[in-house]
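Architecture at a glance
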Amino acid sequence: MSEKNKEQVIVRFPPSPTGYLHIGGARTAIFNWLFARKHGGKFILRIEDTDVERSTKESIEGIIDGLTWLGIDWDEGPYFQSEFAHEHKAAAERLLKEGKAYKCFCTKEELEAKRKKALSEKRDIKYDGTCRRLSPEEIAEKERQGIPYVIRFKVPEREGKIGYDDKVLGRIEKDYSEIEDFVIVRSNGRPLYLLCNVVDDIRDRITHIIRGQDHMTNTIKQILLYEALGAKPPVFAHMPLTLDLQKRKISKRTHGEVVSVQWYRKMGFIPWALVNYLVLLGWNPGTDQEIFTKEELIQAFSLERINKANSIFNYRKGDPKFFTDPKAISINAWWLRHLPIEEIAEMIKEDFKKEGIWDEAYEGEKREWFLSTLDLIRSRFHTLRDFARLGRAYFADDFEIEQKALKKNMLKHPELKELLPRLGEALEKVEPWNLETTEDAVRAFASEAGVKPGIIINGMRTVITGQLKGPGIFDVMVAIGKERVIRRLKDSPRLFEGTKP
RNA sequence: GGUCCCAUCGUCUAGCGGUCUAGGACGUCGGCCUCUCACGCCGAAAACAGGGGUUCGAGUCCCCUUGGGACCGCCA
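Residues numbered from 1 in each chain as written. Chains lettered and ligands numbered in written order. Predicted model: local features only at pLDDT ≥ 70, side-chain atom pairs only at ≥ 80, totals over all residues. Heavy atoms only, no water.

Digging into the protein's contact with RNA strand B
- The environment of RNA strand B is formed by 66 residues, the closest being Asp51, Arg186, Asn284, Glu290 and Arg380.
- Atoms of RNA strand B within 4 Å of the protein belong to the sugar or the phosphate in 72% of instances, the rest to bases.
- One of the backbone nitrogen or oxygen atoms of Ile125 is found 3.1 Å away from a sugar or linking oxygen of RNA strand B.
- Contact distances for RNA strand B include 3.5 Å between a base oxygen and a backbone N or O atom of Pro471.
- For the surface near RNA strand B, the secondary-structure elements that each account for two or more residues are helix H4 (108–120), strand S7 (170–175), helix H7 (216–228), strand S12 (311–312), helix H12 (326–338), helix H19 (453–465) and helix H20 (473–480).
- Per-class residue counts for the surface near RNA strand B are 22 nonpolar, 19 polar and 25 charged. (Near = heavy atom within 4 Å. Polar contact = N/O pair within 3.5 Å; in protein donor to acceptor, adjacent residues only side chain to side chain. Helix = DSSP H or I, 4+ residues; strand = E, 2+ residues; numbered from the N terminus. Nonpolar A, V, L, I, M, F, W, Y, C, P; charged D, E, K, R; others polar.)

Observations concerning the sheet that holds strand S5 (residues 150–153)
- Across the sheet, which stays open at both edges, the three strands sit in the order S4-S5-S8 with antiparallel pairing between neighbours. A strand with exactly one partner marks an edge of an open sheet, and here the two such strands are strand S4 (101–104) and strand S8 (183–185). Across this sheet, the average inter-strand angle for adjacent strands is 45°, counted without regard to direction. (Pairing = 2+ DSSP bridges. Axes fitted to C-alpha atoms, helices over the stretch in contact; angles between N-to-C directions.)

A few points about unusual backbone geometry
- For the bond running from Gly77 to Pro78, omega is 5°, close enough to zero to count as cis.
- Of note, Pro78 is situated in strand S3 (residues 76–80).
- Residues Glu431 and Pro432 are joined by a peptide bond in cis, for which omega reads -5°.
- Mapped onto the secondary structure, Pro432 falls in the loop between helix H17 (416–427) and helix H18 (435–449).
- The backbone of Arg205 sits at a positive phi, close to 55°, despite the residue not being glycine.

Some points on the pattern of salt bridges
- Within this structure, the stated rule accounts for 46 salt bridges.
- Here Glu48 makes a salt bridge to Arg46, at a shortest N to O gap of 3.1 Å.
- Among the salt bridges present, the one from Arg46 reaches Asp200, with a minimum N-O distance of 3.9 Å. One end of the pair, Arg46, is in strand S2 (residues 42–47); the other, Asp200, is in helix H6 (residues 193–203), and 154 residues separate them in sequence.
- One salt-bridge network, held together by shared partners, links Arg12, Arg46, Glu48, Glu87, Asp200, Asp201, Arg203 and Asp204. (Salt bridge = Lys/Arg side-chain N within 4 Å of Asp/Glu carboxyl O.)

So, the domain arrangement of chain A
- By the assigned domains, chain A splits into domain 1 (3–74 + 240–313 + 326–334), domain 2 (83–239), domain 3 (339–396) and domain 4 (398–501).
- Its C-alpha centre places domain 2 at a distance of 56 Å from the equivalent point of domain 3. (Domains from an automatic or database assignment.)

Quick word on the packing of aromatic side chains
- Taken as a whole, this structure holds 25 aromatic pairs when the rule is applied.
- Ring geometry for Phe370 and Phe395: centres 5.7 Å apart, planes at 70°, overall edge-to-face. Of this pair, Phe370 sits in helix H14 (residues 367–377) while Phe395 sits in the loop between helix H15 (385–389) and helix H16 (403–411), and the two are 25 residues apart along the sequence.
- We classify Phe395 as buried; its relative accessible area is 9%.
- Among the aromatic residues, ring-to-ring pairing joins Phe352, Trp358, Tyr362, Trp369, Phe370, Tyr394 and Phe395 into one connected group.
- The ring of Phe31 has Arg27 lying over it, and the distance from NZ or CZ to the ring centre is 5.5 Å.
- The side chain of Arg203 reaches across the aromatic face of Phe84, ending 3.4 Å from its centre. (Phe/Tyr/Trp six-rings, centres within 6.5 Å; stacked < 30°, edge-to-face > 60°. Buried < 20%, exposed > 50% of the residue type's maximum accessible area, 1.4 Å probe, protein only. Lys NZ or Arg CZ within 6 Å of the ring centre and 35° of its normal.)

Some details on a positive patch on the surface
- On the surface, a cluster of positive charge is made up of Lys321, Lys404, Lys408, Lys412 and Lys469.
- Mapped onto the secondary structure, Lys412 falls in the loop between H16 and H17. (Patch = residues over 30% accessible without salt bridge, like charges linked within 9 Å, V, L, I, M, F, W, Y side chains within 5 Å. Areas by Shrake-Rupley, 256 points an atom, 1.4 Å probe, with all protein chains shown as cover. Lys, Arg positive; Asp, Glu negative; His and termini not counted. Charge placed at Lys NZ, Arg CZ, Asp CG, Glu CD.)

Okay, here's the thing in structure tokens:
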């Protein structure tokens, strides 16, 4: 910030721990985090666990784990809203004492009936203020009878409108007369989100609230609370929502794992690639740049460039080719082939162990070979998982032979049953084993045998890697090594077994 | 139903009155490269929701219609 005495930026991410971190929540966290980093401010993680019935420990761990994986770091917290219950209660008491709130003895049943009636009469479903007009005597009487009550905020009786300037949406205003006296404390004495949230934000000195547009209608009420509690409201920025192709809010319940951050980890996403994709949903830098390093993104970010319109998470359930939004995959694939190969190696280590193909030597004497092999095969992969699956033949001998490859490159050319083992023998003489010598040997063999090199090469690829596609065959031969190549070639006739010659 | 928000290619978006015969990206299709596939490169199809204004001039400003979304809980 340019001015010295400008207040420090403090933002927060306040998830309620009732499920796993989903990509919409992660996106909110990312925007807040970027804003804090951009302005040298603070990013606070605050777990809003006041809904005791639905909050779980696993969820809290999942959220923390997800953010950590994404590389979203916070400067304070995690704080737990439940630990500040006394402050929330004190605030409610204070409002009550100052006449800015009142006890409401209406029962849930009465209110429900009124709501239904209002709906059928096509009127606004607003609290009618019955208890606001209670006399002190009536209140005392009801209290004496022990009738349970909630505490409602008393919306000031003022003419005109109250409003605020939303950093994304612009000026938002609402008529005082249209705001209902909302509940701030339950009949069991526990304060509600609207109040807790404001009390916490005041205590944490939050300067900017960046959240989803689904909170927009709460904002006016919260500003009223700030005013009643004698605090200056923060700056608000309401980000567009992320919807599915049917324009419904994305949720784990209807969309499954594809909306959970953890799942992307499981599917082999590079954490930063997911951040990169998510930030582009509803924001752009005003230039054509779409791929950002962390530093570039922090530099480029601004609230002003957040979009007003909701964006769609382009995911088709059951699409065989795209297991999530194609753009997310393409960004992941981009990072997969541009990140330093050492970083990729680090990221796939666990998966290699899980797949039983990890070798400690990959961090020792085979490191150079390991890195160059990863580098060789990365360009056609989309996720980190692909290395241990599609790339298995480079690291182990027990790899699958793709049926398609077998049919197209082997069975169609029965002569390969005899040629490939012979080629294997011929290759034994090749020394040294490099790009030139292997190519010379293979081409010479093909021309001697009177077969097009392509047929030999594609057959080799099938036998050596099990796949239809892959890097140039001579690169493959060098990467896999003389001994293994020859063994696989000699062993190839078995692939013809059970088929007609 | 009420209140509020929103509206450019299939999707993410650029566009802040003339430079828009509307640009980029993903995806799709075609081509080059080539031992295959990918990468890379080249190219194509693909959008201003509709109608009124304002203006010399509107994707850009205003209004209406339509469409979509959010909220309307003693959930957060």
